[in-house]
Structures are given as structure tokens and as C-alpha cells.
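For reference, the chains in residue letters:
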Amino acid sequence: MFGGDYNPEQWDAATWAADDALMREAQVNTATVGVFSWALLEPAEGSYSFDWLDATLDRLHANGVRVVLATPTASPPPWFTLAHPDALPVRPDGSRLWHGSRDTYCAAAPAYREASLRIAAELGKRYGSHPALAMWHVHNEYGTMCWCDHAASAFRAWLRARYGSLDSLNEAWGTAFWSQHYSSWDEVLPPRATQYLPNPGQSLDFRRFWSDELLARYVEQRDVLRSHTPEVPITTNFMGPENLVMDPWSWGREVDAVAVDHYLSSASPVAGAADIAFVSDWARGIGGGRPWLLMEQAPSTVISDGVLTHRSPGRMLSDSLEYVARGSDSALFFQWRASRAGAEMYHPALVPHAGPDSRMFAETVALGATLSRLGEVAGSVPVPASAAVMVDASSQWALQTRGLPSPHVRHLDVARAVHGALWRSGIGCDVVAAGADLSAYSLVAVPAVYLMSSSSAASLRAYVAGGGQLVVTFCSGIADEQHRIWLDGYPGVLRDVLGIRVEEFHPLQPATSAGLVADGGSWTGRLWTERPRTERLWTGRLWTERLRAEGASVLAAYDSGDLAGLPAVTKHSFGAGTAWYLSTLLSDDALAALLGSIADAAGVPASPPGVSVTRREGTDGRSWLFAFNHGSSAAWVPTSGVDLLTGVAVAGTLEVPPGRYAVIREEAR
Ligand code: GLA
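In this report, we go over the structure that sits alongside the text. (Residues numbered from 1 in each chain as written. Predicted model: local features only at pLDDT ≥ 70, side-chain atom pairs only at ≥ 80, totals over all residues. Heavy atoms only, no water.)

1. Quick word on the pairing of strand β15 (residues 443-446)
Note the cut-off: Three exposure classes are used, based on accessible area relative to the maximum for each residue type with a 1.4 Å probe and protein chains only: buried under 20%, partly exposed in between, and exposed over 50%. Counting from the N terminus, the helices are the DSSP runs of H or I reaching at least four residues and the strands are the DSSP runs of E reaching at least two. For two strands to be treated as a pair, DSSP must find at least two bridges joining them.
Burial of the side chains of β15 extends over both faces: L443 and A445 are buried on one face and V444 and V446 on the other. Pairing of strand β13 (residues 387-390) with β15 involves three bridges; the strand directions are parallel. Within β15, the position partnered with A388 by the bridge is V444. Taken together, the four bridges between β15 and strand β16 (residues 469-473) define a ladder with parallel strand orientation. Bridge assignment links A445 to a residue of β16, and that residue is V471.

2. Quick word on unusual backbone geometry
Working note: non-glycine residues mostly have negative phi, and peptide bonds are mostly trans. The omega torsion across F334 and Q335 is -5°, close enough to zero to call that bond cis. Secondary-structure assignment places Q335 in the loop between β11 (331-333) and α12 (359-372). We note that H139 has phi near 60°; this positive angle belongs to a residue other than glycine. The residue H139 is located in the loop between β4 (133-137) and α6 (149-163) in this model.

3. Structural notes on the site of the ligand
What counts here: Being near a molecule or strand, for a residue, comes down to having at least one heavy atom within 4 Å of it. Two N or O atoms form a polar contact when they lie within 3.5 Å of each other; inside protein one atom must be a possible hydrogen donor and the other a possible acceptor, and for residues adjacent in sequence the pair counts only when both atoms belong to side chains. What sets the accessible areas is the Shrake-Rupley method with a 1.4 Å probe; for residues, cover comes only from the shown protein chains.
In the vicinity of the ligand, the residues found are F36, R102, N140, E141, D261, Y263, E296, F334, E344 and H347. E296 is positioned with one of its side-chain polar atoms (N or O) 2.4 Å from an oxygen atom of the ligand. Between an oxygen atom of the ligand and a side-chain N or O atom of H347, the distance comes to 2.7 Å. Its free accessible area being 310 Å², the ligand has 90% of it covered by the protein chains.

4. Some words on the packing of aromatic side chains
Here is the rule: Classification of ring pairs uses Phe, Tyr and Trp, with its six-membered ring standing for Trp, and accepts pairs whose centres are within 6.5 Å; under 30 degrees between planes counts as stacked, over 60 as edge-to-face, and the remaining range as tilted. Charge-over-ring contacts are defined here by two conditions on Lys NZ or Arg CZ: a distance within 6 Å of the ring centre and an angle within 35 degrees of the ring normal.
Following the criterion strictly, the structure yields 29 aromatic pairs and no others. Here the aromatic cluster, defined as three or more aromatic residues joined through ring pairs, consists of W147, F155, W158, W173, Y182, F206, F209 and W210. Cation over ring: R660 sits above Y661, and NZ or CZ is 5.1 Å from the ring centre.

5. A few points about the environment of S386
So the rule is basically this: Whether two residues touch is decided by their heavy atoms; if any such pair falls within 4.5 Å, the residues are in contact.
Tracing the chain through its elements places S386 in the loop between β12 (381-382) and β13. Residue S386 is classed as partly exposed on the basis of its relative accessible area, which comes to 22%. Not counting residues within four places of it along the chain, the set of residues in contact with S386 comprises Y441, S442, L443, V604 and P605.

6. Some remarks on the side chain of T144
Along the chain, the position of T144 falls in the loop between β4 and α6. At 3.2 Å, the side chain of T144 and the side chain of Y105 are in polar contact. Apart from residues lying up to four places away in sequence, T144 is in contact with D103, Y105, W210 and L214.

7. Structural notes on the pattern of salt bridges
So the rule is basically this: The working definition used for a salt bridge is a side-chain nitrogen of Lys or Arg within 4 Å of a carboxyl oxygen of Asp or Glu.
Across all of its chains, the model carries 36 salt bridges by this definition. Measuring nitrogen to oxygen at the nearest pair gives 2.6 Å for the salt bridge that ties R416 to E242. One end of the pair, R416, is in helix α14 (residues 411-424); the other, E242, is in the loop between β6 (237-238) and α9 (248-252), and 174 residues separate them in sequence. With relative accessibility at 33%, the residue E242 sits in the partly exposed group. Two residues, D413 and R410, come together in a salt bridge whose shortest N-O distance is 2.9 Å.

8. With respect to the nonpolar core
For clarity, the cut-off: For this analysis, a nonpolar core means a set of buried residues of the types Ala, Val, Leu, Ile, Met, Phe, Trp, Tyr and Cys, connected via side-chain atoms within 4.5 Å.
Counting 192 residues, the largest nonpolar core has W210 and V569 as its most contacted members. Among the elements that make up this core, the one with the highest residue count is helix α8 (residues 200-228) (nine residues). Each residue touching V569, except ones within four places of it in the same chain, is listed here: L516, W538, S553, V554, L555, A556, Y581, L582, L586 and L594.

9. A short note on empty space enclosed by the protein
Formally: Every definition here rests on a 1 Å grid over the protein atoms only: cavities are sets of points where a 1.4 Å probe fits but cannot get out, pockets are open sets enclosed by protein on both sides within 12 Å along at least five of seven lines, and lining residues have some atom within 4 Å of a point. Grid points are joined across faces, edges and corners, and a volume is the space filled by probe spheres set on the points. Three classes are used, and their members are as follows: Ala, Val, Leu, Ile, Met, Phe, Trp, Tyr, Cys and Pro are nonpolar, Asp, Glu, Lys and Arg are charged, and the others, Gly among them, are polar.
One pass over the full model with this rule turns up two cavities of 30 Å³ or more. Along the wall of the largest cavity there are 13 residues; nearest its centre are R326, G426, I427, G428 and S612. Elements supplying a minimum of two residues to the lining of the largest cavity: α14 and β27 (611-617). Residue contributions to the lining of the largest cavity peak at four residues, all from β27. A per-class count over the lining of the largest cavity returns five nonpolar, six polar and two charged. One number sums up the size of the second largest cavity: a volume of about 40 Å³. Per-class residue counts for the lining of the second largest cavity are five nonpolar, three polar and one charged.

10. A few points about a nonpolar patch on the surface
Basically, it comes down to this: To count toward a patch, a residue needs a relative accessible area over 30% and no salt bridge; like charges are then connected within 9 Å, while nonpolar side chains (Val, Leu, Ile, Met, Phe, Trp, Tyr) are connected within 5 Å.
Taken together, the side chains of I303, L308, M345 and Y346 define a hydrophobic patch exposed on the protein surface, amounting to about 420 Å² of accessible area. Secondary-structure assignment places Y346 in the loop between β11 and α12.

11. Looking at the sheet that holds strand β23 (residues 553-558)
Selection criterion: Fitted lines through C-alpha atoms serve as axes, helices being fitted only where they are in contact, and the angles separating the N-to-C directions of these axes extend from 0 to 180 degrees.
A sheet is described by the order of its strands in space; here 10 strands give the open sequence β14-β13-β15-β16-β25-β24-β23-β18-β21-β26, paired in mixed fashion. Across the chains shown, the open sheet's two edge strands, defined by having one partner strand only, are β14 (429-432) and β26 (585-586). Where β23 meets strand β24 (residues 567-574), four bridges bridge the pair, whose relative direction is antiparallel. Its bridge partner lying in β24, A557 is registered against P567. Relative to the sheet, α14 contacts β13, β14, β15, β16 and β26, its axis offset from that of β13 by approximately 165°.

12. Brief notes about the packing of helix α3 (residues 51-62) against helix α5 (residues 110-127)
Here is the rule we go by: Any angle that is under 35 degrees is reported as roughly parallel, and any over 145 degrees as roughly antiparallel; angles of 65 to 115 degrees are reported as roughly perpendicular and all others as oblique. By convention, the crossing between two helices is left-handed when the near helix turns anticlockwise from the far helix through less than a right angle, and right-handed when the turn is clockwise.
As a packed pair, α3 and α5 sit with axes 12 Å apart at the nearest point and diverge in direction by 45°. With respect to α5, the element α3 is oriented oblique. Once α3 is placed against α5, the crossing between them reads as right-handed. Between α3 and α5, the residues in contact are L53, D54 and L57 and L123, R126 and Y127, respectively. Its residues placed into classes, the contact of α3 with α5 shows four nonpolar, no polar and two charged.

13. Things to note about the layout of surface pockets
By volume, the largest pocket amounts to about 770 Å³. Lining the largest pocket are 28 residues, with Q10, F36, S75, S101 and R102 positioned closest to its centre. When residues of the lining of the largest pocket are assigned to their parent elements, the largest contribution, three residues, is made by helix α2 (residues 38-41). Of the residues in the lining of the largest pocket, the class split is 12 nonpolar, 11 polar and five charged.

14. Re the environment of T81
Looking at the secondary structure, you find T81 in helix α4 (residues 78-83). Looking at T81, the relative accessible area reads 2%, which means it is buried. In this structure the C-alpha to C-alpha distance between T81 and A70, which are 11 residues apart in sequence, comes to 21 Å. Not counting residues within four places of it along the chain, the set of residues in contact with T81 comprises L88, W98 and H99.

15. Quick look at the side chain of D261
To keep things clear, this is the line we draw: Lys and Arg are tallied as positive, Asp and Glu as negative. Neither His nor the chain termini are counted.
Positionally, D261 belongs in strand β7 (residues 259-261). Within the buried core, D261 has no salt-bridge partner, and the shortest N-O distance to an opposite charge, that of R102, equals 7.4 Å. A polar contact is formed between the side chain of D261 and the backbone nitrogen of E296, at a distance of 3.3 Å. Excluding residues that lie within four positions of it along the chain, D261 makes contacts with E141, N237, F238, M239, G240, M295 and E296.

As C-alpha cells, this is what we get:
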């Protein structure tokens, strides 16, 4: 799928005609329509105006463009707000938000639910058999939370289902502290603004509640649409991992295709590619390894600290191929044509304010031409990696709780650091959920997975006992799934596997670092060499801790301060496998060297550092190899077939010059 969000309701007939011609020129085949169109589709409660949407779908169809049709429920019209003020969202401090932007609703409010299902049903009825309809796009980026009374009563119902009794809830939230004991369900509230620190268990459960509540809202719209069109796939677009209000692992099962919006976090090509790799591997993981859809990306620009920055020419194309290499079946954008007015009028678009006579549109045409040569790849399945990184929404949320040892430790930052180190070492990686079946992996990394149930820990234990290589970082397995500390030394639930015991946390201020010395040896590149104990080997940041080895061997120790001489990095044989522990966030190079060595020893296949090689397989025995060289020297990749981008045959070895990429249709192996 190539194209993106299309908002013809902002334009006149002359522009529509121009759009048709430009879409043909760019070989656009997909348009996402109607995302925020509620006020135009239902200008007054119960009265509909579908003429413009009828015309749009007919026109797109005639032009060979398939439609991903959205339900517009992410932006209720002004009349809705005025008629149902109780459905407006309320912030933790009790203030209510007004219309005038978007996403102005409480998803738990009965009036909002009713109105959403009504408009979804109308769309299902009217467009279910339209030949342009390719897919339903429910809502847009579910992600609003609300602290109103409707939310409070839905939260209580959710808690009752989870805990069964108030006693269990009191126990789980530790309400014996600070006189928070609840004697009746009616006393339980959302975590609204409080005098001092909120209750961690309550805050965590509220996040989980909203994930489930929003999922229920998605499912009810989905089921209405499905009743009209049982054959048409239905999805919703997720925000990237950092901004996600939901736990994506529970959503992955409910969508027909995982669809993700990804706005690059960095304008730098290498950091950008690492970001794409992480988010793509995450998206693929959510769908259980299926191909997925990149539903939105920004053409050209990255907004960095509020300032608009451009990707350099050519990168929109190479970045789009990076997503495809890691399982995306689409390159869709927000948006087709830059708006003249409205809140996002400066947001980049495939057709910019300057019009088609522009660098941006020329790149759009080039991308369309390239993607048209890759159509055969769509639907093929990405080959699973041998290494995996664990990502856990509850740990991300729990580590954001105020009152923890450091506000600077974020699960996803550590997960990205570990994933990035593997990526820089040329090691392909899957992203897995806590509790996932790990048996197929040779190496598993657990990066600041702060909350860990005894059953997740048991699966890690079984994985190592069975011969797996496990790398665990600081801040993993510290508390149970209710955010209650595992006692008798951290990380209580993994101590035996790791052969260590942590007594105290010594987090670091952001500008400081800790020195590490080799305890008998060190890695140079990927080789273990004997080193004098006095030579500073690595640095760590963010976190250090007072750690005792209890069975583990010490690979590196802290070189100064109160922790001088105490273990920093350890290794423990457990059953048939090995568990490694990193008590600090190693510098990027050190992390890459260490993980690269562990991966080598575990037999994980790797490309040269900085080179990313992935494969997708078709059902007919065909496969496609994608190679990107982010390094500074040429790389050689074993493969035979034909380069779909250039048409050149490859026999045995593909040369990929620095900064270049290739897509090879491989001969049947
Ligand atoms: C999101 C939304 C779009 C648009 C873009 C702008 O992903 O879904 O409607 O606001 O962000 O970056």
C-alpha cells in the first residue's frame, strides 16, 4: 500500500482533479479517508451528509486508488460537546477540556459510546459494498485517558473483575500505608490530583484499565463494522511505543493487521534507521510475526524539539524500504496534500504547499516507482530472528511512577539501547512480550523489565535452564505485577538464575558516569582478552548498584567511589544456559561489544557491524533479502538472485557500498 491520509473535504473540485492526476503520476494506490470527518458526515445529531464521501470514494475508485475508510470517532463534532457536556474529558485536577482541537471525549461516557457506534454503523451500511473499500480504520490513535465520574465507575467495574474483593485490592495496592484502606468500592477513585505522591498500584492499574477500556471501545466498533462486511479487514492505528496509552500485546490479537504510525525521533540517518528497526521489530512482534502496516509516517521531516528538520533527500525512500524489510506491507503517510489552514498546516505532506513542482513531490514519485517494483513482496512473512528483546508496557508505566529511585530510568530507553546495540552489531532481533515462548531464541535480552510476575520469571528460568543465553539489565524483576517489591535482595525473582544479590540502588545523575574495570579480562571488539585489573574498560551511566556475586563470576567491577571493586557485570551458568547481568547502562560501544560477543558465542547469525540484513519468505518458496549498509565501508552479503531495484543479477555475493541498499529476489534455496 502506498499513499496515506487524504482529506479532500479541505479542498475544491479543481484540487480533486489535480489530486487524481498526481496520484496516478506517483502510483499511489491507497488513501486513508474520513479520519476526522465526523462534523461533516453528521452535521447535526442523527442527520447525515454523505455526498462528499460518496463522491470521494467513487473518484478514488475510478482512479485505481483503494480506500482505507476510517470511522471519525477521534474527533466528535461541536454539537456533540454541547449536547453531552458529561462526555467531555476531565484531567486529573478535575478541569474539563473543551472542543476546538481533537480527541475531545471520554471513551467511557455512555453518550460518546452510543454516538460512536451510530456513526460506525452508518458508515458500515453505506460503504460496506463500495468497490473502493479495502480496509476499515477504526478511530485514530486510541490514546486518551480521562479521570471523570464515568471513568471512575468503569474503573471500579474493571477492578472488581480483576480483584474480586476489596481485600485483594487493598493488599495489591498496599493501602495499609498512609491510611488508604478502602472499605467500600465507592471510595475507590481514579488517581486524580493528590497532595503528594499517588499510590503506585492504583496508578498502574488505571493505565491497564484504560488499555482495556479503549480496547473494548475498538472491539465494539469493529464488531459493528464486521456485521456489515465480514470479509473486509479491520484495524486501528497505534502510536509508536513511547506514546502508547495501551498495552499493544493485548490489542495485537484483535486487529486484522497491526497498523502503526511512526514519526522518526531523529533526523540523523543512522539514529533514524535504528529507530525504524526498533519500531518495526516491535510492530511485527505485536502481530506475532505477521506482516504489518506502516499507517503513517511524515514525508521528509522530523520535528525535533519543536523545530521542523528535514530528512536529507533520498531518505524518505530508503527509510520506507527499511520498514518493508522488517515486515511492513505499506508506506503510508500523513498526509497526501499539505493543508492550507488548521492546526497541522505546517505538517509535511507528499504534495507540499509548494505544489508538485518540488523536491518533495519528485521524491514521492520516485518512491511510488520503487514500491511498484516491490509489489511481489507484500504478504510475505518476515523470517524470525534468533535474538529477542523483551518489551513490557506495564514496566514502562510503572517506572514512570513518582517516588522511585530515579526518574531518569525508562524501560523503553533501555530496551532501545539494547536493541540498538544488537542492531549496530549486525544482529537481527525480534521484540517479545513478557511471558512469551522463548524456546526458538538463542539470545534473549531483558532490559529494565521492572515488573515481573513469578510466572514470567519462571519462563526465563526455564529458558536459561534449557540452554538459553539471557542478558538481564538493572531494574528488571524488582517488583511483582502489582508493583510490590520482591524481597530479600533485588532482583528477588531472578536472583537464582543470575547468581547475584543486589542490596542497594545507586542511580546516577544524568551528567555523571561510572568507570568499570575488567575483572581478569575484557572484550576488545568481540574478543575476550586478558587485561590488567587497573585499566578502565567501560563506562556506565544512569544506574549503578551495590551487588554481590552469589555463584556468578564477575566480568567487570566498578573502579571508584563507594562501589569500587564491587561487581558491575556478571555471568552465571544456570542449567544448560548462561545468564548475564548488567548493573549499569554500558556506553553504546561497550554494550554493542558485549552483546555482540554473547551473540557470537550463542551462534546468533550476524552481518558486519552497521549492516542490516533481513529476509521475507513467500508461500511459494521465494524469498526476498533486504540489505542496508549504514557503515563506512563496503559490505558483502551472500545471496543469489536479482536486485529488484536495479534489475541486476547477483550470483553468490552482493556488494553493498556504504550508505546503499538492495532488495534481492532470491533464487529458491
Ligand atoms: C498522528 C495523527 C495524524 C496527524 C499526525 C501528525 O499520527 O494520526 O492525524 O496528527 O499525527 O504527525
